[in-house]
Structure formats: C-alpha cells, structure tokens
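# Examining the three-dimensional arrangement
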Amino acid sequence: MNAKSLASAFTFQKLELLQKQAKTLEEAKCRPASMELRSVSWGPNANKSLVKSVSLQVKPAEFLAIVGPNGSGKTSLLRCLYRINQPSQGQVFLDGESLWDLSAHDCAKRIATVLQDAPGDLGLSVFDMVEIGLTPKSHTWRRSKSDSALIEEAMSLMNVEHLAHRLFSTLSGGERQRVLIARALAQRPDVLILDEPTNHLDIRHQLELLDLLAKLPCTLIISLHDLSLASTYADRVLIMQDGEMQACSAPSQAFTEQSIKQVFDVDTVIDCHPITQRPRFSFYL
Ligand SMILES: Nc1ncnc2c1ncn2[C@@H]1O[C@H](COP(=O)(O)OP(=O)(O)OP(=O)(O)O)[C@@H](O)[C@H]1O
C-alpha cells in the first residue's frame, strides 16, 4: 500500500468511526428543531440597531453558515438565536414556540452553544468541563454509566480523550476549542450554535470538525470567516452586512463575484471545486 492509499484508508477508517459515533449521539435522542427569525432587530440601546429586520427560517437538521465582514452583526444575530439578545422588534421561534416564552433552562435543554469567549480558569479538568454539557438534561447530581459513556464519546469525537485529566486552563487554544465543542456535543442538542468554531484550529482539525458537524443529527447554525468552509459544508449561507441580511441561499447562489465584492470589498475568481463540486475562491485585491 503506498503512502497515499494508506492515508486515505486511515481517513476512511476515522470517518467510519466518526459516523458510528455520530449515530450513537443520534440514538441519544436528538430531535433537530426548526428556528425562525421574524423581522428581528436588536441593538444595545433604543437608538442603535446592530441587527436590522432579519427574517429567515432554518429547517430541522439544516446546516446554515453565517458569513460577513468584521462587525457586520454575526455574533449579535447568533445571540438573538440563543436567547441572550432579546429582540427590540420581531420574534424568534424554536419549533414554532417563541424563544422568550420559554425559560432559559428549557432553551438550554435544546440549544447548545460554543462561543468566541472561552470560559476563564475554573480549575476544572477536561473531563469535568465536558461533563458540564450534561447539566441541562440532568435530573440528579449522580453520574450514571450512560453519562460517563456520553462524556467519553464526546471527548473521543473531538479527539481530546487523551487530555481528560489535564486542567482546562493548561490547554492550547485549539485544544480548548475542541473541548468546548465536546461539551456542546455531550449536551445532545437539538440546535447547535457555534460562533467561529474554527478559530485556533489547524487545517486538518478545521476540516475534520466541519465534516463531523455536518453529519450530526441536529440543526446547525455556525458563523464562519472562512468562505471556503462555508461553501463546502453548509446547506445555505446567510451573508450579513451592516446588520442586514444580504443573501440567504445555497452557496452556489449566495456566493457570486459581485456579492463578495459588494460585501467584503475584495475581488474573487470563483470556479467549481473538482472534488466537492462547490464554489471555490481565489481572492485578490
Ligand atoms: N453591546 C454592544 N454595545 C455596543 N456595540 C456593540 C455591542 N455588541 C456589539 N457591538 C458592535 O456591533 C457591531 C457588530 O458586532 P458583532 O460582534 O455582532 O459583529 P461580528 O460580525 O460578529 O464581528 P466579528 O467578525 O469581528 O466577530 C460591532 O461594531 C460591535 O463593536
């Protein structure tokens, strides 16, 4: 077997393992939810809107990527979706129920988040950190065998099981990010919201993460700076500019040379990726 076929056999085995594990998470009763924003606006005060009348529907199990330049309102919009930013106008719905009619605890049972600001040094081990993911659905303080299996499975999916006993605070940026994603997976969410999850990750881990996320049996809403990752993995792409939604459609429709010039102010040549058949970009100024 030559090096190339060895590498692809390894990738295949690993993918098979990931798929099997994602199936176990599926058996752990994920119920992908729909989300809807109806004319949602939000701002830190009455005179300032950072999210401006955004309307969209996300179907159960859909993968929606949110892209846009720095300061375009991606994080502010995500915060509306996980019940931190209460809209000044409009409403957000989770499976048809208004998010603000649900308790924070009910939301946490269904929506998991991985945010840009990592939690501070809580003196917790990696295992403890991932275990926190079980809290919203726990009925008791005692950890059961299936709880431990879920924690281990989530750590193994994110390739951090060898770090289980390390202090979270001693990890590298990329390791921390993977632990926080494992924590979100242990939560067995119906909706998973991630804000720039590929920050700190090397290219191999970026691709593995997106590949794994795209297979999870939950609704995914992810902000990404990397347009190629959004193009390769997302079902639809929402392009934000100055707090407004510029486009929300399949990558091949949302990403055009004109839309990228208008929103990101860079020139692009777009062609079709020979393997993924998705739009591929070459940027220039
Ligand atoms: N609570 C707040 N008070 C005042 N301004 C805010 C507040 N939250 C966000 N902003 C500003 O609103 C704009 C949008 O911020 P947001 O974090 O939503 O953008 P983003 O698209 O996620 O940016 P980035 O790509 O840099 O992460 C930014 O200019 C930011 O400084």
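Residues numbered from 1 in each chain as written. Predicted model: local features only at pLDDT ≥ 70, side-chain atom pairs only at ≥ 80, totals over all residues.

Helices and strands together make up the secondary structure of the chain, namely 10 helices and 12 strands. Excluding contacts between residues fewer than 6 apart, the proportion of contacts in the chain whose partners are at least 24 apart in sequence is 68%. (Helix = DSSP H or I, 4+ residues; strand = E, 2+ residues; numbered from the N terminus. Contact = placed C-beta atoms within 7 Å.)

When the terminal C-alpha atoms of helix 6 (residues 173–186) are compared, their 20 Å separation across 14 residues agrees well with the 20 Å that a helix rising 1.5 Å per residue should span. Among the 14 residues that make up helix 6, 12 are buried, leaving the element largely enclosed by the rest of the structure. Along helix 6, the residues that are buried comprise E175, R176, Q177, R178, V179, L180, I181, A182, R183, A184, L185 and A186. Where helix 6 terminates, the next one or two residues include R188, which has phi positive at roughly 45 degrees. (Expected span 1.5 Å × (residues − 1). Buried ≥ 20, exposed ≤ 12 C-beta atoms within 10 Å, placed from the backbone.)

This next bit is on the environment of L216. Within the element layout of this structure, L216 appears in the loop between helix 7 (203–215) and strand 8 (219–223). Accessibility expressed as a C-beta count within 10 Å gives 21 for L216, which makes it buried. As for L216 and A61, which are separated by 155 residues in sequence, their C-alpha atoms are 8.2 Å apart.

In this section: the environment of S231. Of note, S231 is situated in helix 8 (residues 227–233). C-alpha of S231 to C-alpha of L99: the two residues are 132 residues apart in sequence and 29 Å apart in space. Excluding residues within four positions of it along the chain, S231 makes contact with P251, F255, R278 and P279.

So, on to the site of the ligand. Taken together, P44, L50, G68, N70, G71, S72, G73, K74, T75 and S76 are the residues near the ligand. In terms of residue class, the shell around the ligand is made up of two nonpolar, seven polar and one charged. (Near = placed C-beta within 6 Å. Nonpolar A, V, L, I, M, F, W, Y, C, P; charged D, E, K, R; others polar.)

The strand order across the open sheet built from four strands is 2-1-4-5, with neighbouring strands paired in antiparallel fashion. Among the strands making up the open sheet, the edge pair consists of strand 2 (51–58) and strand 5 (97–98). Of the strand pairs in this sheet, strand 1 (residues 35–42) and strand 2 are connected by five bridges, and their pairing is antiparallel. Note that in strand 2 the partner of M35 across the bridge is V58. Contacting strand 1, strand 2 and strand 4 (89–94), helix 2 (residues 74–81) crosses the sheet at an angle of about 125 degrees to strand 1. (Pairing = 2+ DSSP bridges. Axes fitted to C-alpha atoms, helices over the stretch in contact; angles between N-to-C directions.)

Another aspect to go through is the sheet that holds strand 10 (residues 244–249). Taking strand neighbours across the sheet as the criterion, the six strands line up as 6-7-8-3-9-10 in an open arrangement whose pairing is mixed. Both edges of this open sheet fall to strand 6 (111–114) and strand 10, since each of them pairs with a single strand only. The mean inter-strand angle of the sheet, taken between neighbouring strand axes irrespective of direction, is 15 degrees.

With that settled, the discussion passes to the confidence of the model for the chain. Residue-level pLDDT values for the chain average 87, and 85% of them are 70 or greater. In the model, residues 1–15 has pLDDT below 50 throughout and makes one contact with residues more than four positions away in sequence or in other chains. The ipTM assigned to the predicted complex is 0.97, against a pTM of 0.86. (pLDDT = per-residue confidence, 0-100.)

Below, the discussion takes up the pairing of strand 3 (residues 63–67). For strand 3, the buried fraction is high: five of the five residues fall into the buried class. Burial along strand 3 is two-sided: F63, A65 and V67 facing one way and L64 and I66 facing the other are all buried. Across four bridges, strand 3 lies against strand 8 in parallel orientation. Within the sheet, the bridge partner assigned to L64 lies in strand 8 and is I221. Sheet topology places strand 3 next to strand 9 (residues 236–241); four bridges connect them, and they run parallel. Its bridge partner being in strand 9, A65 is matched across the sheet by V237.

One finds A65, V130, A154, A182 and I221 to be the most contacted residues of the largest nonpolar core, which totals 70 residues. It is helix 6 that contributes the most residues to this core, seven residues altogether. Look past the residues within four positions of A65 in its chain and what remains in contact with it is I222, L224, A230, A234 and V237. (Core = buried A, V, L, I, M, F, W, Y, C linked by C-beta atoms within 7 Å.)

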